[in-house]
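# Close look at the chain arrangement
The lines below spell out each chain.
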Amino acid sequence: MWRGDATNLTPPVRSGRSWRIRWTKRAARSEFAVRRRLDQLAKLGLVRFRCDFARPLGGWPVAVTFWASAPVKELPAIGHALVRLPEVRNRAAVTGEHDLVIQAALHSVSDVLRLETRLCDVHPSLVVADRTMTLRHDKLLGRVLDPRGRSLGVVPPDVWSEPGTSATAG
């Protein structure tokens, strides 16, 4: 890691538009060097870039999380199929009785049952054990949101500190 990577990677959370220029100045490096560093960190899987939108204004006001299970041998194939669905925002194989978590953004509450049915029809070994619907996010991906899903402010995640020792705590 470059000295200051932790400090320099927090600004993108605040503004995805101009932070790279500020990082270039702060790190006293060329824009090319900064871009190369970002590419290195991304290839190593240490950073990922994501753009999101005001989901209610974009027609996706309902979020659902499914807790499911599937045979271990089928998890990779199911995961790869899920990533192709436009409504699926995240999926993860986890440990425990329910070894697959699926998060999706949907147009309506009635779409929850439709999506669950479609998933189980396409993947007969998939068993959905529980589901949680979210009709309004107050905070998502480090952003404090208004009722329409627009950003009001930022609470940058502190992924660099040990759990319970956040640099921003007390």
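Located above this text is the structure these notes cover.
Rules behind the numbers
- Residues numbered from 1 in each chain as written.
- Predicted model: local features only at pLDDT ≥ 70, side-chain atom pairs only at ≥ 80, totals over all residues.
- Heavy atoms only, no water.
- Buried < 20%, exposed > 50% of the residue type's maximum accessible area, 1.4 Å probe, protein only.
- Helix = DSSP H or I, 4+ residues; strand = E, 2+ residues; numbered from the N terminus.
- Arc of directions from axis to C-beta.
- Contact = heavy atoms within 4.5 Å.
- Pairing = 2+ DSSP bridges.
- Axes fitted to C-alpha atoms, helices over the stretch in contact; angles between N-to-C directions.
- Salt bridge = Lys/Arg side-chain N within 4 Å of Asp/Glu carboxyl O.

Burial in helix α5 (residues 75–83) covers these residues: L75, I78, G79 and L82. Down the axis of α5, the sector holding all buried residues measures 100°, keeping them to one side. In this structure, the buried side of α5 is in contact with β2 (88–93), β3 (100–106) and α6 (110–122).

Moving on: the pairing of strand β1 (residues 62–69). In terms of burial, β1 is largely enclosed, as six of its eight residues are buried. When β1 meets strand β4 (residues 127–134), the two strands line up antiparallel, connected through seven bridges. Looking at the pairing, A68 lines up with V128 of β4.

What follows covers the sheet that holds strand β5 (residues 139–140). A sheet is described by the order of its strands in space; here three strands give the open sequence β5-β6-β7, paired in antiparallel fashion. Looking at the sheet topology across the chains shown, the edges are occupied by β5 and β7 (151–154). Relative to β7, strand β6 (residues 143–145) is paired through three bridges, and the arrangement is antiparallel. Residue pairing across strands places L145 opposite S151, the latter belonging to β7.

Judged by pairing direction, the sheet is antiparallel, and its four strands sit side by side in the order β2-β3-β1-β4 without closing on themselves. The strands lining the two open edges of the sheet, one partner per strand, are β2 and β4. Pairwise comparison of adjacent strand axes, ignoring direction, gives a mean angle of 15° for this sheet. When β2 meets β3, the two strands line up antiparallel, connected through five bridges. Directly across from A93, in β3, lies its bridge partner L100.

Tallied over the entire structure, the rule returns seven salt bridges. Among the ionic pairs, R89 bridges to D52, the shortest N-O distance being 3.0 Å. With R89 in strand β2 and D52 in the loop between α4 (31–43) and β1, this residue pair connects regions lying 37 residues apart in the sequence. Given the relative accessible area of 28%, R89 is considered partly exposed. Here the salt bridges do not stand alone but share partners, grouping D52, R55 and R89 into one network.

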